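Chain by chain, the residues run as shown.
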Amino acid sequence: MNLNRRDFLKFAGATTATAALTSLPIKAEATEHFTGHPDRKGILVDTSLCIGHNCRRCEFACAKENYLPTPDKPPEDASVFDQRRRTHPDQFTVINRFPGRSEDMPVYAKKQCMHCDEPACASACLVGAFKKTPEGAVTYDASVCIGCRYCMVACPFDIPTYEYNSALHPRVRKCTFCFETKLKEGKAPACVEACPREVMTFGKREDLIKVARQKIARNPDKYVDHIYGEHEVGGTSWMYLSPVPFDSIGMRTDLGTTPYPELTRNYLSAAPLVMAIWPSFFLTLYLFNKRKDQIAAEENGKHKEESA
Amino acid sequence: MKHLLAFTVLFALLLIGESSHAKSGPNNGCAECHVCSNPTLSDPCLRGCPRSRATVEDIKLGPDRILINEIEVEYDAVPFAHRLHAEMTAMDKGCQNCHHFQEIGGITACKNCHPEHIAEENLEQPGLKGAYHRQCLGCHQEWSHDTSCEICHLKKGSELAEPQVKSGPGSRFAGLNEPVKRVWNSTYGGGTVVTLHHRNHTEKYGVECAACHHAEGCAVCHAKKEQTTQVRHSEEALHAICNSCHAEMSCDQCHLKSEALEFSHARTGWPLKTYHERLTCRRCHGDNHHFTKPSTDCASCHKPWDTTTFKHERTGLALNETHLETDCAECHVGANYTVAPTCNSCHDTDITFPASLPGNRTR
Ligand code: HEM
Ligand code: HEM
Ligand code: SF4
Ligand code: SF4
Ligand code: SF4
């Protein structure tokens, strides 16, 4: 069985639809759009400013703040950019290089958890290990996590990673928005503080959208006219500006603006009514995860971005 | 006092903004300048100022070198070659490349507006660290593609070195790709080839870069690859530049049938040799625009001299001690300085000029 995540979601969706048709009518789940805490914080990442090579101060600051191993390649080593990297249990944020407007001016884009307003990871989690806090962070509680890794399947940005190497208490790992050490007290995260060019602006999400609009209006030649994350998957706390189209800096542009949980919520609410399909649901997940483990085992050590 | 200030600001706005502010409003709405949604006379709630308000253009106002040490953490202070940067920006937007806002009467320090930490009320205004790094790296990334911190920052505890690049008129920055000549093909009915001997203009005719280059960004002149340093002016712009000196010339003097030959002084019937060849035209001909015919009498430039006070170094050869004592005529027979000196008044035939020198060359 060779499923990738999108196939899975399609498959899951189809099963739900079939279930809906063949069994009891499901009461249409009210799509109460979550408007979120009005003062929640966010980050605006202006990729046009990122230094990338010779810098990566954000990666190092994140490692220090979260007691992760220091990234093994020093800032001067340009070879880190040869491969597109993804987040990793030991590294919550990575800078990747993409072709820019000219050969001489590549674009560097920081990748970390987007801290979705309606996090797919949270709604996929059976035990509620993920929470969107009023401050804006999506936090994870390892003490309740049962290791099912549904979050990893659900996340549209490929963010959560799993400590496959830890035999005892493997955890799901991802960027925390520095919630415990910084955000809780209203302070900017470590990576933001460390950045020499203030690529990332920390503030109220609502203010950041205004700032982003102003920046685009003042420099229409410099930016693509889009704030990535303003509406994607129902809105994210981390938002991006870019001088080149977003799909060329490794950001998915096929996600739509419907919150992911809504897609899954219909399914989950239907589930209890159609116990008959539970086994196939679990079988799918089981096979999927087995396949993921296999890939992970194959790729262990090479933190390569897998093409979903 | 507050009223007075508000009044002054309003008055200034009325004066400068007659068209932009009063009639149509700024491009991006009131928020461009006002922080609150209802600015009033007593509380106009102006944000720090937008980038376009700077006027000082006198390089002499600026310091030579500045130690930027407001926010040292990882490194020592940054020794910033201020004058050099100010001179270079003459080819771009001038002082306001960096000093994008000034209060009347002087340069406003960056830190007066850019706080150490971004203010929540004004997220658009970068903090001091961001302001410096955006400003500096903006150009440095563009022209040298070198982003290593040590190009500006000193490692902790290291000696303050002399700046690598000297400033001053005619100074050239490392990595400058100046073309020797440019050739254009035009559609003009007469001749179709226009040639600019670029290097001659800068080195011989003494034309400053900024006389022709305006608003051009650093990478136009400083780039790793030569092909990227191709200034592309519009036809009108090119004519305006050339005409600023050559207005009196006819079209056919520039638009030729084939590439123009490089200027050679020999064609004037007066070939220049060694020392004179190195001079810029204006040393002998005065003003670039209106050449005067210099006198052919050496004394018109060279003050009367006598053999007792003459400093031989001026010729590019510093005499050694024994030869300093020697009478001029021993080597320059018959006081004819235009022919090679001879050594045989004192030496055997195995010693000749220039195989042996009576001192050291200084250039
Ligand atoms: C001809 C144009 C310029 C003039 C007349 C000028 C003048 C000045 C003056 C008077 C100061 C204050 C010095 C002091 O307080 O000790 C200053 C500071 C400074 N200038 Fe310029 N400047 C010019 C161009 C530039 C350019 C092109 C740059 C950037 C590449 C620049 C960057 C700075 C910086 C970073 C400071 C330190 C200010 C601070 O930290 O607050 N200046 N300049
Ligand atoms: C030489 C000193 C200064 C430097 C190096 C500097 C640098 C910068 C930079 C790099 C930006 C960001 C532009 C961008 O990313 O698009 C900026 C924005 C800004 N600066 Fe400065 N600045 C200086 C002095 C000042 C002063 C004196 C003021 C206030 C009177 C000021 C007020 C602002 C404001 C309001 C903005 C944001 C609005 C805008 O971009 O138009 N700056 N500055
Ligand atoms: S610290 Fe800032 S400039 Fe440096 S790599 Fe990270 S985001 Fe880019
Ligand atoms: S980016 Fe992924 S891990 Fe982060 S909040 Fe969104 S769904 Fe969850
Ligand atoms: S917010 Fe904190 S955890 Fe997330 S990338 Fe930045 S430093 Fe790392």
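Residues numbered from 1 in each chain as written. Chains lettered and ligands numbered in written order. Predicted model: local features only at pLDDT ≥ 70, side-chain atom pairs only at ≥ 80, totals over all residues. Heavy atoms only, no water.

A.B. asks: So what exactly am I meant to see when it comes to the interface of chain A and chain B here?
C.D. replies: The extent of an interface is frequently quoted as the accessible surface area lost upon association of the parts. Listed by partner, the interface residues are 26 residues for chain A and 28 residues for chain B. Roughly 2,300 Å² of surface becomes buried between chain A and chain B when both sides are summed, with 45% attributable to carbon and sulfur atoms. Together, Arg197, Glu198 and Arg218 of chain A form the three largest contributors to the area buried by chain A at its contact with chain B, with a combined 28%. Across the pair Arg218 of chain A and Glu124 of chain B runs a salt bridge whose closest N-O atoms are separated by 3.2 Å. (Contact = heavy atoms within 4.5 Å. Buried area = accessible area lost by both parts, 1.4 Å probe. Salt bridge = Lys/Arg side-chain N within 4 Å of Asp/Glu carboxyl O.)

A.B. asks: Would you explain a nonpolar patch on the surface in this entry?
C.D. replies: There is a patch of nonpolar side chains on the surface, built from Leu126, Val127, Val144 and Ile146 of chain A and spanning about 330 Å² of accessible area. In this fold, Leu126 of chain A is placed in the loop between α3 (120-124) and β4 (130-132). (Patch = residues over 30% accessible without salt bridge, like charges linked within 9 Å, V, L, I, M, F, W, Y side chains within 5 Å. Areas by Shrake-Rupley, 256 points an atom, 1.4 Å probe, with all protein chains shown as cover. Helix = DSSP H or I, 4+ residues; strand = E, 2+ residues; numbered from the N terminus.)

A.B. asks: Mind showing me how you'd approach the site of ligand 5 here?
C.D. replies: Every residue lining ligand 5 is accounted for by Cys62, Asn66, Thr93, Lys110, Cys175, Thr176, Phe177, Cys178, Pro189, Ala190, Cys191 and Trp238 of chain A. For the shell around ligand 5, the residue count by class is 8 nonpolar, 3 polar and 1 charged. (Near = heavy atom within 4 Å. Nonpolar A, V, L, I, M, F, W, Y, C, P; charged D, E, K, R; others polar.)

A.B. asks: So what exactly am I meant to see when it comes to the site of ligand 4 here?
C.D. replies: Surveying the vicinity of ligand 4 reveals 13 residues, the closest of which are Cys113, Met114, Cys116, Cys121 and Cys155 of chain A. Considered class by class, the residues forming the shell around ligand 4 number 11 nonpolar, 1 polar and 1 charged.

A.B. asks: Can you walk me through helix α6 (residues 205-218) of chain A in this structure?
C.D. replies: What sets the pattern is the α-helix's 3.6 residues per turn: residues three or four places apart point alike. Over its 14 residues, α6 of chain A runs 20 Å from end to end, which matches the ideal 20 Å to within 8%, given 1.5 Å per residue. Those residues of α6 of chain A that sit buried are Arg205, Asp207, Leu208, Ile209, Val211, Ala212, Gln214, Lys215 and Ile216 of chain A. (Expected span 1.5 Å × (residues − 1). Buried < 20%, exposed > 50% of the residue type's maximum accessible area, 1.4 Å probe, protein only.)

A.B. asks: Got a minute to help me understand the pattern of salt bridges in this structure?
C.D. replies: A side chain of one charge can pair with a side chain of the opposite charge when the charged atoms of the two come close. One pass over the structure, following the stated rule, counts 17 salt bridges over all chains. Two residues, Arg85 of chain A and Glu59 of chain A, come together in a salt bridge whose shortest N-O distance is 2.5 Å. Remark: Glu59 of chain A occurs in helix α2 (residues 57-65) and Arg85 of chain A occurs in the loop between α2 and β2 (94-102); sequence separation between them is 26 residues. Each member of the pair, Arg85 of chain A together with Glu59 of chain A, is buried. A salt bridge links Arg83 of chain B to Asp64 of chain B, with the shortest nitrogen-to-oxygen separation between them at 3.3 Å. Taken together, the residues span a long stretch of sequence, with Arg83 of chain B in helix α2 (residues 82-88) and Asp64 of chain B in the loop between α1 (2-24) and β1 (66-68) at a distance of 19 residues. Residue classification places Arg83 of chain B among the partly exposed residues on the basis of a relative accessible area of 22%. Within the structure, one salt-bridge network assembled from shared partners comprises Arg40, Asp117, Lys132 and Arg205 of chain A.

A.B. asks: Please explain the domain arrangement of chain B as it appears in this structure.
C.D. replies: Structurally, chain B comprises domain 1 (56-117 + 125-151), domain 2 (182-263) and domain 3 (276-361). Using only C-alpha atoms to locate each centre, domain 1 of chain B and domain 3 of chain B end up separated by 47 Å. (Domains from an automatic or database assignment.)

A.B. asks: Would you mind going over the sheet that holds strand β4 (residues 193-196) of chain B with me for this structure?
C.D. replies: Residues and elements named next belong to chain B. The 3 strands are arranged β3-β4-β5 in an open sheet whose pairing can be described as antiparallel. With partners counted over all chains shown, the strands left at the sheet margins are β3 (182-185) and β5 (255-256), one partner each. As paired strands, β3 and β4 are joined by 4 bridges and run antiparallel to one another. Within the sheet, the bridge partner assigned to Trp184 lies in β4 and is Val194. (Pairing = 2+ DSSP bridges.)

A.B. asks: Whenever I open this one, the coordination of the iron atom of ligand 1 confuses me. Can you help?
C.D. replies: Where a metal carries four tetrahedral donors, each ideal angle is 109.5 degrees; where it carries six octahedral donors, the ideal angles are 90 or 180 degrees. Residue and element names in this part refer to chain B. Here the iron atom of ligand 1 is held by His82 (NE2) and His99 (NE2), and the distances to it run 1.9 to 2.0 Å. Coordination geometry of the iron atom of ligand 1: the 6 donor atoms subtend angles of 86 to 180° at the metal centre, consistent with an arrangement described as octahedral. Of this pair, His82 sits in helix α2 while His99 sits in the loop between α2 and α3 (110-113); the two residues are 17 residues apart in sequence, bridging distant segments of the chain. Residue His82 is classed as buried on the basis of its relative accessible area of 13%. (Donors = N, O, S within 2.8 Å, 3.2 Å for Na, K, Ca; no water. Tetrahedral: all angles 85-135°; square planar, octahedral: opposite > 155°, others 65-115°.)

A.B. asks: Would you explain the coordination of the iron atom of ligand 2 in this entry?
C.D. replies: Residue and element names in this part refer to chain B. Only His100 (NE2) and His114 (NE2) from the protein coordinate the iron atom of ligand 2, and they sit 1.8 to 2.1 Å from it. Each of the 6 donor atoms around the iron atom of ligand 2 contributes to a set of angles spanning 83 to 180°, which defines the coordination as octahedral. Of this pair, His100 sits in the loop between α2 and α3 while His114 is found in the loop between α3 and α4 (128-144), placing the two residues 14 residues apart along the sequence. Each of the two residues, His100 as well as His114, counts as buried.

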